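Secondary and tertiary structure notes
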Amino acid sequence: MKPRPRHILYAAIAAPVAALLVAWLGVIGVGAASGHWALTEWFLHFAMRSSVRTASLGETAPPPPTDALRPAAGHFATGCAPCHGAPGVPRPPSVQAMLPTPPDLASVVGTWSDAELHRIVMHGVRFTGMPAWPDPAREDEGWMMVAFLRALPDLDPRRYAELVAPPGAPPEDTLPAACAGCHGWTGRDGDAQVPRLAGQSEAYLRASLDAYARGTRASGVMRQAVTGLSADDRATLARMLAALPPGDDASATTRATAEPPAIATRGRSETGVPACLSCHGRPGQAGAPRLEGQPADYLAGQLRLFRDGVRGGGPYAGLMTQAASGLEDDEIEAVSAWFAGRAARD
Ligand code: HEC
Ligand code: HEC
Ligand code: HEC
């Protein structure tokens, strides 16, 4: 018998009804305890690997970021290790009973390319519990995590613990341990990608912490770090951090350049870029933070985020987005190196 349009219509109605009936009867097992059939398991992994491969086609990895290990390790400790474990930190039994089980990453990262890892870290894996990055706009943070994942197979428990814990013993003026792992005990340490906190105004620090918590300043790392802090906690922290003495030294990650670049003192009228020092002088105007002594890499990264309209921030961040919109890459490098090369106390 030749199928008639009528039959096709019946089948089109019957198929979803049958599927609904099977689901309603409750005969499809959703328990995790018995695992998948070997064939299902194979198929799911095959589908996942193919999907990640296709989605990351054409994506090329940028050069690895400088000093990304510590901030990425700090994020890994709270954001990833509870599921995947870490060197010296086993996965708890409850996690080992998840389906699929989050793998020990040190043994699997070698099977993925950098672009594929970046894709997984930014987008997560549907139906598995593997979450997406807390802030989808921060592709650069995803690359920091990829650099950490690449280093992971060679990290022994001692080195991992060193990366996650604040260096040295707490001195007198100290940050809470939860912050000191990345920012140092005094708010003056930190690697190339982590800003110095000591020396900023209470208003700027408060506005920044609130902006991370509300999601109006893009950063998966800091959004995770402020989770669980109430508005009062953030106000208290801002007051405490603002009281920390700024360092005497220029950021150690860069050489001082003597002459300020023209963009800092005069701006550029043709493209409407205002002089940086008109807002970032002393005292700073309308919520503008101190830039002196910040790591050059950090400053340049923030400027690119402003220019791309991604950074966000407190109530005055719009002024800065405008100021950065006409900046060229070489201007960003030069002005960042100049501010980084000056001591925070100048
Ligand atoms: C809630 C638990 C959970 C958290 C938190 C989590 N993951 Fe996963 N992750 C998983 C699961 C489950 C899989 C397994 C997917 C599969 O095998 O199908 C996975 C897979 C992965 C993979 C692919 C490994 C492979 O070969 O299957 C990478 C890479 C990865 N996660 C990195 C991370 C990073 C980096 C973080 C932190 C930013 C993180 N994960 C946070 C549960 C988690
Ligand atoms: C896992 C590492 C890590 C931890 C833990 C961490 N931070 Fe951060 N912090 C960073 C990074 C990286 C940035 C830059 C984020 C960005 O791009 O906006 C940052 C930015 C900041 C800023 C903005 C500074 C500026 O110049 O704009 C403040 C304020 C801050 N952190 C305070 C804290 C406090 C308070 C804690 C503890 C509750 C904390 N951080 C914990 C890594 C960390
Ligand atoms: C009209 C005032 C204004 C001008 C001009 C201006 N800025 Fe800003 N800038 C701000 C404000 C306000 C912020 C804080 C935004 C926020 O996070 O809420 C800021 C933030 C920044 C930050 C982020 C610092 C950190 O700790 O995260 C950098 C870097 C920066 N400015 C560099 C520059 C440079 C370089 C120039 C010159 C090309 C410039 N700014 C010109 C007002 C200005």
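Procedures and definitions
Residues numbered from 1 in each chain as written. Chains lettered and ligands numbered in written order. Predicted model: local features only at pLDDT ≥ 70, side-chain atom pairs only at ≥ 80, totals over all residues. Heavy atoms only, no water. Donors = N, O, S within 2.8 Å, 3.2 Å for Na, K, Ca; no water. Tetrahedral: all angles 85-135°; square planar, octahedral: opposite > 155°, others 65-115°. Helix = DSSP H or I, 4+ residues; strand = E, 2+ residues; numbered from the N terminus. Buried < 20%, exposed > 50% of the residue type's maximum accessible area, 1.4 Å probe, protein only. Contact = heavy atoms within 4.5 Å. Domains from an automatic or database assignment. Buried area = accessible area lost by both parts, 1.4 Å probe. Salt bridge = Lys/Arg side-chain N within 4 Å of Asp/Glu carboxyl O. Near = heavy atom within 4 Å. Polar contact = N/O pair within 3.5 Å; in protein donor to acceptor, adjacent residues only side chain to side chain. 1 Å grid on protein atoms, 1.4 Å probe; cavity = no way out; pocket = protein on both sides within 12 Å on 5 of 7 lines; lining within 4 Å. Sits in = over half its atoms within 2 Å of the grid points. Points joined across faces, edges and corners; volume = space filled by probe spheres on them.

1. A word on the coordination of the iron atom of ligand 3
- In this structure, His-280 (NE2) and Met-320 (SD) serve as the protein donors to the iron atom of ligand 3, at separations of 2.0 to 2.1 Å.
- Because the angles between the six donor atoms bound to the iron atom of ligand 3 fall within 88 to 179°, the donor set is best described as octahedral. Taken together, the residues His-280 in helix α15 (residues 276-280) and Met-320 in helix α17 (residues 317-324) connect sequence positions 40 residues apart. With respect to burial, His-280 and Met-320 carry one shared label: buried.

2. A short note on the environment of Cys-83
- Within the secondary structure, Cys-83 is located in helix α4 (residues 81-84).
- Owing to a relative accessible area of 29%, Cys-83 belongs among the partly exposed residues under this scheme.
- Sequence-wise, Cys-83 and Glu-141 are 58 residues apart; in three dimensions their C-alpha atoms are separated by 20 Å.
- Apart from residues lying up to four places away in sequence, Cys-83 is in contact with Arg-91, Val-95 and Pro-102.

3. Quick look at the domain arrangement of the protein chain
- Taken domain by domain, the protein chain consists of domain 1 (64-162), domain 2 (177-242) and domain 3 (262-340).
- Computed over C-alpha atoms, the centres of domain 1 and domain 2 are 23 Å apart.
- Taken residue by residue, the interface counts 16 residues in domain 1 and 13 residues in domain 2.
- Summed over both partners, the interface of domain 1 with domain 2 comes to about 1,200 Å²; 56% of that surface belongs to carbon and sulfur atoms.
- Three residues stand out in domain 1 for area buried against domain 2, namely Arg-70, Pro-71 and Asp-135, and they jointly supply 33% of the buried area on that side.
- Summed over the shared surface of domain 1 and domain 2, the number is one salt bridge.

4. Observations regarding the coordination of the iron atom of ligand 1
- With distances of 2.0 to 2.1 Å, the protein atoms coordinating the iron atom of ligand 1 are His-84 (NE2) and Met-130 (SD).
- Here the iron atom of ligand 1 binds six donor atoms, and the angle range of 88 to 179° at the metal identifies the geometry as octahedral. With His-84 in helix α4 and Met-130 in the loop between α7 (114-123) and α8 (139-151), this residue pair connects regions lying 46 residues apart in the sequence.

5. Description of the site of ligand 2
- In the neighbourhood of ligand 2, 26 residues make up the surrounding shell, with Cys-179, Cys-182, His-183, Tyr-204 and Met-222 lying closest.
- Within the contact set of ligand 2, a nitrogen atom lies 2.8 Å away from a side-chain nitrogen or oxygen of His-183.
- Between ligand 2 and the protein, one listed contact pairs an oxygen atom with a side-chain N or O atom of Tyr-212 at 2.7 Å.
- The set of elements that each furnish at least two residues to the shell around ligand 2 consists of α3 (69-79), α10 (177-183), α11 (202-214), α12 (220-225), α13 (231-242) and α16 (296-307).

6. As for the site of ligand 1
- Not every one of the 21 residues close to ligand 1 is listed here, only the nearest: Cys-80, Cys-83, His-84, Trp-112 and Met-130.
- Residue Trp-112 places a side-chain N or O atom 2.9 Å away from an oxygen atom belonging to ligand 1.
- If you map ligand 1 onto the pockets, it falls in the second largest pocket.
- Of all elements in the fold, only α2 (38-55), α4, α6 (105-108) and α7 reach the threshold of two or more residues within the shell around ligand 1.
- With three residues, α7 is the largest single contributor of residues to the shell around ligand 1.

7. So, the environment of Gly-181
- Relative to the helices and strands, Gly-181 resides in helix α10.
- The sequence separation of Gly-181 and Pro-71 amounts to 110 residues, and the corresponding C-alpha distance is 8.1 Å.

8. Some remarks on the layout of surface pockets
- Put simply, the second largest pocket is a space of about 1,300 Å³.
- Lining the second largest pocket we find 48 residues, and of these Met-48, Ile-120, Val-125, Thr-128 and Met-130 sit closest to its centre.
- Elements supplying a minimum of two residues to the lining of the second largest pocket: α2, α3, α4, α6, α7 and α8.
- Ranked by residue count, the leading element in the lining of the second largest pocket is α2, at 10 residues.

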